[in-house]
Amino acid sequence: MKNDYLVVSSRVQEAIDKKMPVIAIETAGIYLGLTGSGALMDGIGSEGVKKNEGDRPNFFEIAENVEKLIIQNGAVPALVAVIDGKVHVGLHKDERKYLDEHQSELARVSKSDLPMALAIPRDGVMTVSATMLIAQMVGISVVVSLAIGGVNSSFNETQRVSSDLKEMFRNRMVVVATGINPGSDPVRTMEYLETHGVPVVGFRTDHFYTHWLPEKEHKLKYRVNDPTDIAEALAVKRSLDMDGSILVLNPTEPTLSDDDLYDAEKNAKHLTDVINDNVTLAAWIAMAISMDLDPNIDNKNSKRSSIPKKEKSMSFEVWLFAVKKFAQNYDVALLIFNNLPDSEKERLRQEYEDTVD
């Protein structure tokens, strides 16, 4: 029955079947969140991303850049959205274009909204909770988002808790985010997750802060410097049959001043950096989960991954193995490549250059 409402792209399905690293991408943050409430969400761009209709971002190009960065880092991107009464996992170019052209009409689809969005039907982009639900259903272990919902700041009066949190303790996966959405209580959110078996981990940081309260830092219980530690923690959870996901916070520095909040260009650069950092980290976590791969070419025999700096894209050799999947073993992949005809070698190298340009 679920297949009546689910369309998985051939690229994503092949990657899942071959146990390649795949990342589910929350589309609400890309298509709606960046122009939602608050000055920090007023606009985004990146090199090559054009603005149109005044300050309106080109969401098509933003989505393209996110996908490209994930591919550069050796994983397969899976944007998730509702189009014409079906959940699409992995969007084709024309589907990304369609969402951009109809951005003003898109619904923000959470887990609770999903049945109605499919039944009516209505086009929409997915929040973290809906994205996690679908990712778990199709076999994707990593979800990336700008920020997650939390325990509402007025919880005593409203009793409101984001469905993002509830989905985290129902499923077993890794969620990478910068922080928590405005209107949420950071301390209560951390306590809520811990109570329900969801560890909150800082990537190369002991603290996180919220954009709307930049003067306050919040201490994290766990810190990791290597994404393979996160992959191993998820493996332990699954081995012990423990429910609950792992939330990885990858906070940016509070570099924007009050004046900068209303500077579209500075805002755009800041938010682009946030997206880039999150999807790059998510790609390395997904790779660590899916395969025993050492991206450090000088130390291929190590069982631990030597993770490059986040701003670096992976080398051609690692791309060849991780994306093209020549063989289950890194050295065998290179051996096969070295024995290919020169024309085929050149074709693959050109494909790589086209990807990372």
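Refer to the preceding data block for the structure.
Residues numbered from 1 in each chain as written. Predicted model: local features only at pLDDT ≥ 70, side-chain atom pairs only at ≥ 80, totals over all residues. Heavy atoms only, no water.

### Topic: the overall build of the protein chain
When helices and strands are tallied, the protein chain shows 14 helices and 17 strands. Sorting the 357 residues of the protein chain into buried and exposed places 53% on the buried side. When contacts within the protein chain are restricted to residue pairs at least 6 apart in sequence, long-range pairs at least 24 apart make up 68% of them. When the accessible area of the protein chain is evaluated, it comes to approximately 16,600 Å², of which 48% is carbon and sulfur surface. (Helix = DSSP H or I, 4+ residues; strand = E, 2+ residues; numbered from the N terminus. Buried < 20%, exposed > 50% of the residue type's maximum accessible area, 1.4 Å probe, protein only. Contact = heavy atoms within 4.5 Å. Areas by Shrake-Rupley, 256 points an atom, 1.4 Å probe, with all protein chains shown as cover.)

### So, the side chain of Glu-67
By the secondary structure assignment, Glu-67 is in helix α3 (residues 59-72). Side-chain polar atoms of Glu-67 contact the side chain of Arg-96, separated by 3.0 Å. (Polar contact = N/O pair within 3.5 Å; in protein donor to acceptor, adjacent residues only side chain to side chain.)

### Quick look at the nonpolar core
Ranked by internal contacts, the top residues of the largest apolar core, which has 46 residues, are Val-87, Val-89, Met-126, Ile-140, Ile-148, Met-168 and Leu-247. The leading source of residues in this core is helix α6 (residues 128-138), at six residues. Counting residues in hydrophobic clusters, the runner-up holds 40 residues, among them Phe-59, Leu-146, Val-248 and Ala-286. (Core = buried A, V, L, I, M, F, W, Y, C linked by side-chain atoms within 4.5 Å.)

### What about the packing of α3 against helix α4 (residues 93-101)?
Relative orientation of the contacting elements α3 and α4 amounts to 140 degrees, with a least axis distance of 8 Å. The angle between α3 and α4 falls in the class oblique. Where α3 approaches α4, its residues Phe-59, Phe-60, Ala-63, Glu-64 and Glu-67 are matched on the opposing element by Lys-93, Arg-96, Lys-97 and Asp-100. Considered class by class, the residues forming the contact of α3 with α4 number three nonpolar, no polar and six charged. (Axes fitted to C-alpha atoms, helices over the stretch in contact; angles between N-to-C directions. Parallel < 35°, antiparallel > 145°, perpendicular 65-115°, else oblique. Nonpolar A, V, L, I, M, F, W, Y, C, P; charged D, E, K, R; others polar.)

### Some thoughts on a nonpolar patch on the surface
Judged by side-chain polarity, Val-236, Leu-240 and Met-242 come together as a nonpolar surface patch covering roughly 270 Å² of accessible area. Positionally, Leu-240 belongs in the loop between α10 (227-239) and β17 (246-249). (Patch = residues over 30% accessible without salt bridge, like charges linked within 9 Å, V, L, I, M, F, W, Y side chains within 5 Å. Salt bridge = Lys/Arg side-chain N within 4 Å of Asp/Glu carboxyl O.)

### As for the pairing of strand β13 (residues 200-203)
Residues Val-200 and Gly-202 point to one face of β13 and Val-201 and Phe-203 to the other, with burial holding for every one of them. Relative to β17, β13 is paired through three bridges, and the arrangement is parallel. Each bridged residue has a counterpart across the sheet, and for Gly-202 the counterpart in β17 is Leu-249. Sheet analysis places β13 next to strand β16 (residues 222-224), joined by three bridges and oriented parallel. By the bridge assignment, Phe-203 is partnered in β16 with Val-224. (Pairing = 2+ DSSP bridges.)

### Notes on the environment of Val-144
With respect to the helices and strands, Val-144 occurs in strand β9 (residues 142-144). A C-alpha to C-alpha distance of 4.8 Å links Val-144 and Val-176, two positions 32 residues apart in sequence. Contact partners of Val-144, with chain neighbours within four places excluded, come to Ile-23, Ala-24, Ile-25, Glu-26, Val-176, Asn-278, Val-279 and Ala-282.

### Examining the pattern of salt bridges
Any two side chains of opposite charge can pair, given that their charged atoms come close. Under the defined criterion, the tally for this structure stands at ten salt bridges. In this structure, Arg-96 engages Glu-64 in a salt bridge whose closest nitrogen and oxygen atoms are separated by 2.3 Å. Placement of the pair is Arg-96 in helix α4 and Glu-64 in helix α3, with a sequence separation of 32 residues. Given the relative accessible area of 7%, Arg-96 is considered buried. Residue Glu-64 is classed as partly exposed on the basis of its relative accessible area, which comes to 24%. For Arg-172, the salt bridge goes to Asp-243, with nearest N and O atoms at 3.7 Å.

### Some points on the packing of aromatic side chains
The tally for this structure, following the rule as stated, stands at one aromatic pair. When the ring of Phe-169 is compared with that of Tyr-192, the centres are 6.2 Å apart and the planes differ by 50 degrees; the resulting orientation is tilted. Placement of the pair is Phe-169 in the loop between α8 (163-168) and β11 (174-177) and Tyr-192 in helix α9 (residues 186-195), with a sequence separation of 23 residues. For the pair shown, Phe-169 and Tyr-192 are each scored as buried. Across the ring face of Phe-60, the terminal group of Lys-97 is positioned such that the distance to the ring centre comes to 4.7 Å. (Phe/Tyr/Trp six-rings, centres within 6.5 Å; stacked < 30°, edge-to-face > 60°. Lys NZ or Arg CZ within 6 Å of the ring centre and 35° of its normal.)

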